[in-house]
Amino acid sequence: MIKIYNSLTQKKEIFKPLEEGKVRLYVCGPTVYDFCHIGNARSFTAFDGIVRYLRFRGYEVIYVRNITDIDDKIIKRANENHEDFNTVVERFTEAFREDMRVLNLLVPTYEPRATEFIPHIISLIEKLISNKSAYVAENGDVYYDVRQFKSYGCLAHRNIDELESGARIEISDIKRDPLDFVLWKIAKPGEPNWASPWGAGRPGWHIECSAMSTRILGETFDIHGGGKDLVFPHHENEIAQSEAATGKKFVNYWLHAGYLQIDKEKMSKSLGNFFTIRDILKEYSPEVLRYLLVSGHYRSPLNFSKELLQQARNALERFYTALRDLPHTADELIDSEYEQKFIEAMDDDFNTPIALSVLFELAHEIQRLREKDLELAARHALLLKKLGGVLGILQDDPLNFFQGKKDDLDVLKIEALIAARNQARADKNWAEADRIRQELADMRVVLEDSLFKTTWKIREEDGESESREQDERLTRS
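As a starting point, this report considers the structure included with it. (Residues numbered from 1 in each chain as written. Predicted model: local features only at pLDDT ≥ 70, side-chain atom pairs only at ≥ 80, totals over all residues. Heavy atoms only, no water.)

1. Let's talk about the sheet that holds strand S10 (residues 251–257)
Condition: Pairs of strands are assigned from DSSP output, requiring at least two bridges between the strands. To qualify as a helix, a DSSP run of H or I must reach at least 4 residues; to qualify as a strand, a run of E must reach at least 2; elements of each kind are numbered from the N terminus. Angular values range over 0 to 180 degrees, each being the angle between N-to-C directions of two axes fitted as lines to C-alpha atoms, with helices fitted over their stretch in contact. Contact definition: two residues touch when any of their heavy atoms are within 4.5 Å.
The four strands are arranged S4-S3-S9-S10 in an open sheet whose pairing can be described as parallel. Since the sheet does not close on itself, it has two edges, and those belong to strand S4 (60–65) and S10, each with one partner. In this sheet, adjacent strand axes meet at a mean angle of 20° when their direction is disregarded. Pairing of strand S3 (residues 22–27) with S4 involves six bridges; the strand directions are parallel. Counterpart to Leu-25 in the pairing with S4 is Tyr-63. Across the sheet, helix H6 (residues 231–246) is in contact with strand S9 (221–227) and S10; its angle to S9 comes to roughly 160°.

2. Some words on the environment of Leu-387
Topologically, Leu-387 is positioned in helix H12 (residues 374–390). Spatially, the C-alpha atom of Leu-387 lies 15 Å from that of Asp-397, the residues being ten residues apart in sequence. Filtering out sequence-adjacent residues up to four positions away, Leu-387 remains in contact with Phe-56, Tyr-338, Glu-339, Phe-342, Leu-359 and Leu-362.

3. With respect to unusual backbone geometry
The linkage connecting Phe-232 with the following residue, Pro-233, adopts the cis geometry, with an omega of 10°. Along the polypeptide, Pro-233 turns up in helix H6. Located in the positive-phi region is Gln-10, a residue other than glycine, with phi close to 60°. Structurally, Gln-10 can be placed in the loop between strand S1 (3–6) and strand S2 (11–14). Of note, Phe-350 is a non-glycine position whose phi angle comes to about 55°, a positive value. Within the secondary structure, Phe-350 sits in the loop between helix H10 (337–347) and helix H11 (352–370).

4. Focus: H6
Stated precisely, the cut-off is as follows: Helix span, expected: 1.5 Å multiplied by one less than the number of residues in the helix. Note on classification: 1.4 Å probe, protein chains only; a residue is buried when its accessible area is under 20% of the maximum for its type, exposed when over 50%, partly exposed between these limits.
Compared with an ideal rise of 1.5 Å per residue, which puts 16 residues at 22 Å, H6 spans 21 Å between its outermost C-alpha atoms and is within 8% of the ideal. In terms of residue burial, H6 counts as a mostly covered element, since 14 of its 16 residues are buried. A positive backbone phi angle near 75° is found at Gly-247, which sits one or two residues after H6.

5. Quick look at H12
An α-helix turns once every 3.6 residues. As a result, residues three or four positions apart point the same way. Applicable threshold: Here a polar contact is recorded for every N or O atom pair within 3.5 Å, except that within protein the pair must consist of a potential hydrogen donor and a potential acceptor, and residues adjacent in sequence are included only if both atoms are side-chain atoms.
Taking 1.5 Å of rise per residue, 17 residues should cover 24 Å, and H12 covers 25 Å from first to last C-alpha, within 8% of that figure. Restricting attention to buried positions, one finds in H12 the residues Ala-377, Ala-378, His-380, Ala-381, Leu-383, Leu-384, Leu-387, Gly-388, Gly-389 and Val-390. Looking at the buried positions of H12, the neighbouring elements they touch are helix H1 (38–56), helix H9 (306–323), H10 and H11. Here H12 starts with a cap whose side-chain oxygen sits 3.2 Å from the backbone nitrogen of Glu-375, and that cap is Asp-373.

6. Observations concerning the nonpolar core
Let me state the cut-off plainly: Only buried residues count toward a nonpolar core, which is a set of Ala, Val, Leu, Ile, Met, Phe, Trp, Tyr and Cys residues joined through side-chain atoms within 4.5 Å.
Counting 130 residues, the largest nonpolar core has Leu-54, Tyr-152, Phe-342 and Phe-350 as its most contacted members. Apart from the residues within four sequence positions on either side, Phe-342 is in contact with Tyr-53, Ala-355, Val-358, Leu-359, Leu-387, Val-390 and Leu-391. Residues Ile-414, Leu-417, Ile-418 and Val-445 belong to the second largest nonpolar core, which totals nine residues.

7. Some thoughts on the side chain of Thr-93
Among the secondary structure elements, Thr-93 is positioned in helix H3 (residues 85–102). Using a relative accessible area of 0% as the deciding quantity, one classes Thr-93 as buried. Side-chain polar atoms of Thr-93 contact the backbone oxygen of Val-89, separated by 2.7 Å. Sequence-distant contacts of Thr-93, defined by excluding residues within four places in its chain, comprise Val-32, Ile-67 and Arg-113.

8. What about the pairing of S9?
Selection criterion: When the strands point away from the viewer and the path from the first strand over the helix to the second turns clockwise, the crossover is right-handed.
With seven of seven residues buried, S9 lies mostly within the body of the structure. In this sheet, S9 lies alongside S3 in parallel orientation, the contact comprising three bridges. In the strand pairing of S9, Tyr-26 is matched with His-224. Of the strand pairs in this sheet, S9 and S10 are connected by six bridges, and their pairing is parallel. Each residue of the ladder has a partner; that of Phe-221, found in S10, is Val-251. You can see the chain leave S9, run along H6 and come back into S10, and the turn it takes is right-handed.

9. Some thoughts on the environment of Ser-130
Looking at where Ser-130 falls in the secondary structure, it is placed in helix H4 (residues 118–130). Judged by its relative accessible area of 58%, Ser-130 falls in the exposed class. Of note is the side chain of Ser-130, whose polar atom sits 2.8 Å from the backbone oxygen of Lys-127.

10. What about the side chain of Thr-352?
Mapped onto the secondary structure, Thr-352 falls in helix H11. Overall, Thr-352 belongs to the buried group, its relative accessible area being 10%.

11. Here we look at the sheet that holds strand S6 (residues 142–144)
Pairing between the strands of a sheet comes from backbone hydrogen bonds, and it takes one of two forms, parallel or antiparallel. With antiparallel pairing, the four strands of this open sheet are ordered in space as S5-S6-S7-S8. Bordering the open sheet on either side are strand S5 (134–136) and strand S8 (201–203), each of which pairs with just one other strand. Taken pair by pair, the neighbouring strands of this sheet meet at an average axis angle of 20°, ignoring direction. Two strands pair when backbone bridges link them, and strand S7 (residues 181–186) and S8 are joined in this way by three bridges, in the antiparallel orientation. Residue pairing across strands places Lys-185 opposite Arg-202, the latter belonging to S8. Set on the sheet, H4 makes contact with S5, S6, S7 and S8; between it and S7 the angle comes to about 120°.

Now the structure itself:
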């Protein structure tokens, strides 16, 4: 039984989808006016892991992640660049998709754009006006009247009188209440716009997600997800407008990913303390970043630092060392205790830290078996890759992981130097062996010796060169 922490009830609940064997899930996607930062990536990676696990457990998952392609920020960026807003949208939509692909995120079942749903947005607003849940202001804008929704504040768990204006809430004299939010904005001169009963304009941010999610998944669906910063006002407003329009419960389970933090502050563009995904991938492999993002529980804050990225790299090295140099096998372990422990961890609100600890136990067992039964070690390695795949990691070839991209490497020179060093060691010419090892270290090539062979990998960060090979004393003795 899968248990999920529901932000609406603030407790773990046994997951029971509306339709047996099928999950309908919606995640708020990006506003495409800039490159995606790793704080955004934390949320998208968390829900990618949740989708992967639900499918691993046998559910058919309809996964919707939207694109917000009309917004004040997009219009501002287009004006700053002196270009059409569609050009900005297309450029950053493609950049977002490429970043998600590089981080090994699944392609959603549906990836709707807000501007594709203008008729449905208008229809939803008309329902809200007709039942007195919304009103047309003096300037032609349409606003949702929060005081008409008695449960407003249910997701934020605050009384409506205690709620303060937050992100994307506009305070204006034309609104009846400071918390009222815009459903339709009358266009200013030169702004993109669409025809509506209230005049040419564009939808507000909140109504877009309600229209897209209910149109694709139905008026009530299983899971709605996003970052914790979306609880109020965005998701609170989605509940209010959706339930006022349909008279039905909007979502059964609300899931929210914790912040990625730098110096105990949320990473965000507004604070200026962010790194884009592309910034990090200049120094680290995508899998290292992905590992860091899944290493903490999705609901908990996750700290970010270069030191933690290096720890993620070290953790992956342990896994790929266990997977390296084993025979290929087609026999999968059945009813393994490791798989059962992994499932127990993930069934408990997708507890990836515990799940990863199980994978470390499995990697240790592979290394132990390597000395006794290579075939059995290989079967365990197959399970490690399978379970790692549920978290979106450990799918690379170990050799590729350790040696990285070879486009900028002279592999023939590296292999020749290793051969020359091995000969020097055989001749007990330790000075020459050390010199060659240092030459390789200057090329960021790290050597690993065993009794049978020498392997090499690329060092991702500069560090002190290793002095003398670790098994030299054994050779000399």
